[in-house]
Amino acid sequence: MSTDSGSLLEELERKPTDLALRERAARSLQGEGKEAEAIALLVKGLRNLTAHEPPPLPCMCKRCLDPARTGAEAFGFAFTREFAVAEGRVLFYWVPEELRRQGKGLRRSVQTTLEDKLRKKRRR
């Protein structure tokens, strides 16, 4: 199966509740430099869990999220926007460039933590 965003988006039309597919399509769009489309795809089908945060980094809550802003600087460090998907929700977060190079391992760690927190919340 091809992993270009077009084919993934077509498949997502047939399977709109497939969260893994939605995430893959968003990452594919992101990889093609289509940040606004990736963000739109995520927030259209998922609930944004990102809380409103004051500076120094730009807020990524539902009201403040700027799809065009993919990076930021604070404390003398460069940060890149990243996201994790779990149980119909998306969490946007800033990653220092040095850590972003860890790639999938870091994303998986955030996603696992998010899944654990949502699971514990459901049990209450």
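These notes cover the structure that comes with them. Predicted, not measured: the structure shown is a model, and the values here were computed from it.

## Some words on the packing of helix H1 (residues 5-14) against helix H2 (residues 19-31)
Right, on to step 1. Between H1 and H2, the shortest axis-to-axis distance is 9 Å and the interhelical angle comes to 155 degrees. Taken together, the axes of H1 and H2 are roughly antiparallel relative to one another. Read as a crossing pair, H1 and H2 show a hand that is left-handed. Facing Ser-5, Leu-8, Leu-9, Glu-11 and Leu-12 of H1, the residues of H2 in contact are Leu-21, Arg-22, Arg-24, Ala-25, Ser-28 and Leu-29.
Right, on to step 2. A class-by-class count of the residues in the contact of H1 with H2 yields six nonpolar, two polar and three charged.

## Here we look at unusual backbone geometry
Where the residue is not glycine, phi is negative for most of them; where a peptide bond is considered, it is trans in most cases.
Right, on to step 1. One non-glycine residue with positive phi stands out, namely Phe-75, at about 60 degrees.
Right, on to step 2. For Phe-75, the position within the fold is in the loop between strand E2 (71-74) and strand E3 (77-86).
Right, on to step 3. The backbone of Glu-87 shows a phi angle near 50 degrees, a positive value even though the residue is not glycine.
Right, on to step 4. Position of Glu-87 among the secondary structure elements: in the loop between E3 and strand E4 (89-96).
Right, on to step 5. Classification of Glu-87 by relative accessible area gives partly exposed; the value is 31%.

## Concerning the sheet that holds E4
Right, on to step 1. With mixed pairing, four strands are arranged side by side in an open sheet as E1-E4-E3-E2. Every interior strand has two partners, whereas the edge strands, strand E1 (47-48) and E2, have only one.
Right, on to step 2. Inspection of the sheet shows E1 paired to E4 by two bridges, in the parallel sense. Looking across to E4, one finds that Arg-47 is bridged to Arg-89.
Right, on to step 3. The strands that helix H5 (residues 104-123) touches are E3 and E4; relative to E3, the one it contacts most, it runs at about 45 degrees.

## Regarding the nonpolar core
Inside soluble globular proteins, nonpolar side chains tend to come together where they are buried.
Right, on to step 1. In terms of nonpolar packing, the biggest core is built from 22 residues, with Leu-42, Phe-83, Val-90 and Phe-92 touching the most fellow members.
Right, on to step 2. Elements with a contribution of two residues or more to this core: H1, H2, helix H3 (35-45), E2, E3 and E4.
Right, on to step 3. Beyond its immediate stretch of four places on either side in the chain, Phe-92 contacts Ile-39, Leu-42, Val-43, Asn-48, Thr-50, Met-60, Leu-65, Arg-81, Glu-82 and Phe-83.
Right, on to step 4. One finds Ala-84, Val-95, Leu-114 and Leu-118 within the second-largest nonpolar core, a separate group that totals six residues.

Quick notes on the rules
Residues numbered from 1 in each chain as written. Predicted model: local features only at pLDDT ≥ 70, side-chain atom pairs only at ≥ 80, totals over all residues. Heavy atoms only, no water. Axes fitted to C-alpha atoms, helices over the stretch in contact; angles between N-to-C directions. Helix = DSSP H or I, 4+ residues; strand = E, 2+ residues; numbered from the N terminus. Parallel < 35°, antiparallel > 145°, perpendicular 65-115°, else oblique. Left-handed = near helix turned anticlockwise from the far one by under 90°. Contact = heavy atoms within 4.5 Å. Nonpolar A, V, L, I, M, F, W, Y, C, P; charged D, E, K, R; others polar. Buried < 20%, exposed > 50% of the residue type's maximum accessible area, 1.4 Å probe, protein only. Pairing = 2+ DSSP bridges. Core = buried A, V, L, I, M, F, W, Y, C linked by side-chain atoms within 4.5 Å.

Function cannot be read off these values alone, since they describe shape.
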